[in-house]
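# Tertiary structure, described
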Amino acid sequence: MTELKHTPGPWRLDAQESFDGRATYHFYRVFDDNLNAICCEEYGAHNDGGLANMRLIAAAPDLLAALELTHAALSGANMNMKVVESKARAAIAKAKGGA
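Below is a summary of the structure that appears in this document. The model shown is predicted, which means the values in this text are computed figures rather than measured ones. (Residues numbered from 1 in each chain as written. Predicted model: local features only at pLDDT ≥ 70, side-chain atom pairs only at ≥ 80, totals over all residues. Heavy atoms only, no water.)

With that settled, the discussion passes to unusual backbone geometry. Residue P10 is reached from G9 by a cis peptide bond, and omega for that bond is 5°. Relative to the helices and strands, P10 resides in the segment before β1 (12-19). A positive phi angle, near 65°, is found at L35, a position not held by glycine. Given a relative accessible area of 54%, L35 falls into the exposed group. (Helix = DSSP H or I, 4+ residues; strand = E, 2+ residues; numbered from the N terminus. Buried < 20%, exposed > 50% of the residue type's maximum accessible area, 1.4 Å probe, protein only.)

Right, dumping it as structure tokens:
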């Protein structure tokens, strides 16, 4: 396994909006447990694609961990497949906004 070069997870998504009297602005921020910003985006109008992108970014460490676990299981490691499936489902749900 290679050395970790990205900010370790979990990453969380914070979504806020503000109204300046003329328009509503949407602010999305992905941060780690130490509140270090991983990624920030601002949209002047409601943007479901932007929110979906930020959910996917926030889920990246979980998706990577689930993929590594799945790879180990498929490579012959003695693993409880229910645990592997549960981790994969949780990561996918987080990426899709269900967690």
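Turning our eyes to something else, we now look at the pairing of strand β2 (residues 24-31). Sheet topology places β1 next to β2; eight bridges connect them, and they run antiparallel. Note that in β2 the partner of F19 across the bridge is T24. What sits between β1 and β2 in their antiparallel hairpin is a turn of four residues, with G21 showing a positive phi close to 95°. Between β2 and strand β3 (residues 37-43), which pair antiparallel one after the other, the connecting turn spans five residues, and L35 there sits at a positive phi close to 65°. (Pairing = 2+ DSSP bridges.)

By size, the foremost hydrophobic cluster in this structure holds eight residues: W11, Y28, V30, C39, Y43, L51, M54 and A58. Elements represented by at least two residues in this core include exactly β2, β3 and α1 (48-74). With three residues, the top contributor of residues to this core is α1. (Core = buried A, V, L, I, M, F, W, Y, C linked by side-chain atoms within 4.5 Å.)

Counted according to the given criterion, the structure contains four salt bridges. Linking R22 and D20 is a salt bridge whose minimum nitrogen-to-oxygen distance equals 3.4 Å. Classification of R22 by relative accessible area gives exposed; the value is 73%. Residue D20 is classed as partly exposed on the basis of its relative accessible area of 37%. A salt bridge links R89 to E85; its shortest N-O distance comes to 2.8 Å. Separated by four residues within a single helix, R89 and E85 lie in helix α2 (residues 81-96), roughly one turn from each other. (Salt bridge = Lys/Arg side-chain N within 4 Å of Asp/Glu carboxyl O.)

Under the counting rule described, the total for this entry stands at zero disulfides. C40 supplies the cysteine sulfur nearest to C39, a cysteine that is in no disulfide, at a spacing of 6.6 Å. Look at C40 and you get partly exposed, because its relative accessible area is 49%. (Disulfide = S-S within 2.5 Å.)

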